[in-house]
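In case you want the letters, here they are:
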Amino acid sequence: MTDENPGMPLEGLKVIELATIVAGPSTGKYLADFGADVIKVEHPKTGDTTRGMGYKHEGVALWWKLVGRNKRPVTLNLSHPKGQEIARRLLADADAMIENFRPGTLERWDLAPDALAELNPRLIVLRISGFGQTGPYARKPGFGTLAESISGVAHISGMPDGPPMLPAIALADEVAGLVGAYAVLMALHERDRSGKGQVIDASLYESLFQLTGPLAMAYDKLGVVMERIGNRIAYSAPRNAYRTADGHWVGVSGTAQTVAERIFRAIGRPELITDPRFATNNDRLANIDELDAVIGDWIGAHPLDEVVATFEAEGAAVAPIYDARQIFDDPQYQARGSIATVEDDELGTLRMQDVTPRLSRTPGRIRHAGLPLGAANGEVYGALGISPEELAALKAERVI
């Protein structure tokens, strides 16, 4: 690397990913996107669950192409003693390990963190689970839906007269993946000072609970149980989704007083700025139904393009509520390259979310989409000194 080509910020880090489905693999993806050598360990028969989940093209799961990108996949049966020994060889000089199995699984495989610390005192072990490594729920199956349920997020999501709303994406897993990535980097930074590794205990429900803002304090200090209020928010008005005359939806927010006033000007009602029902944020919250009716009636009488143009001319906060088609057509996404084009040996040209965030000097990049099961067996195991003949024997024994 040179000053002109400094490489990526995590180059030189070796990460062993013993994880499946979304949370742990998401952490691995974020690290791999910025140059870490993430060796993705999968069961030789089933592989990562995301290889069979969701939308498929020509029999290949698209989700795997995203979550498996930039990683080197190898197969290894961790239930087999020989597989466990190979795992220890991989971990002997690794910087970090990611796992998201049910608590107790690593111990059953003779890969407990204490034993790994003796093998490699500098190893960072990230353990992601539904409910954490301790407490009465620790051994329960830890699916994202359960975390979304008990975190409080589902209870406060949805319309007031409807049921709690579970997210349409793997929200708990994805949030835990982000938490896991920054936790690994924090632990690595501390290791630079101490020279010692450590274990990170990250749970899906606590990662998501962090997003609920004042939910806990509002109950603790005020006895307030936050309830579903649809697309509104409890502390600011206006804020809602409104339907346009041509059947589209827009999101509108007037959190700042000046922005709320611009919204009133945009809908041709500047007199509402001094109307005692709407003059302050507290006034608007107290009269929220009337406020939404005024704004909704104006937006409902105008097509999307006119709504957006009128609001933007006044500096009012508005955005179309996009579906995937609109995302692909949007000039902001196009100008920033938010959707990357990746060439893949299996599926040809793929377009997927690009790497984020953007670093000015050492940006991350997509080097390849998720590779076929065991695609890196030869190079990874060859680097451990395992010969092709030994690999063939291990495959016959169903170790790899």
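Values in this document were obtained by computation on a predicted structure and should not be read as measured data.

Some words on the side chain of Thr362
Phase 1 of the analysis: Relative to the elements of secondary structure, Thr362 occurs in the loop between strand E13 (348-353) and helix H16 (377-383).
Phase 2 of the analysis: Not counting residues up to four positions away in its chain, the partners in contact with Thr362 are Pro6, Gly7, Met8 and Pro9.

Quick notes on the sheet that holds strand E7 (residues 124-129)
Phase 1 of the analysis: Read across the open sheet, the six strands follow the order E5-E2-E1-E6-E7-E8; overall the sheet is parallel. Edge positions in the open sheet fall to strand E5 (71-75) and strand E8 (199-203), since each of these has one partner strand only. Sheet twist, expressed as the mean angle between neighbouring strand axes with direction ignored, is 20 degrees.
Phase 2 of the analysis: The sheet contacts of helix H3 (residues 81-91) involve strand E1 (14-18), strand E2 (37-42) and strand E6 (96-99), and relative to E1 the element is tilted by about 150 degrees.

Quick word on the packing of aromatic side chains
Phase 1 of the analysis: Evaluated as defined, the whole model comprises five aromatic pairs.
Phase 2 of the analysis: Taking the centre distance of 4.9 Å and the plane angle of 80 degrees together, the rings of Phe101 and Trp109 count as edge-to-face.
Phase 3 of the analysis: Ring geometry for Phe131 against Tyr205: centres 6.2 Å apart, planes inclined by 40 degrees, an arrangement best described as tilted. In this pair, Phe131 is assigned in the loop between E7 and helix H6 (144-150) and Tyr205 in helix H8 (residues 204-209), connecting sequence segments 74 residues apart.
Phase 4 of the analysis: Looking at Tyr205, the relative accessible area reads 25%, which means it is partly exposed.
Phase 5 of the analysis: Through a chain of ring-to-ring contacts, the aromatic side chains of Phe131, Tyr137 and Tyr205 assemble into a single cluster.

Procedures and definitions
Residues numbered from 1 in each chain as written. Predicted model: local features only at pLDDT ≥ 70, side-chain atom pairs only at ≥ 80, totals over all residues. Heavy atoms only, no water. Helix = DSSP H or I, 4+ residues; strand = E, 2+ residues; numbered from the N terminus. Contact = heavy atoms within 4.5 Å. Pairing = 2+ DSSP bridges. Axes fitted to C-alpha atoms, helices over the stretch in contact; angles between N-to-C directions. Phe/Tyr/Trp six-rings, centres within 6.5 Å; stacked < 30°, edge-to-face > 60°. Buried < 20%, exposed > 50% of the residue type's maximum accessible area, 1.4 Å probe, protein only.

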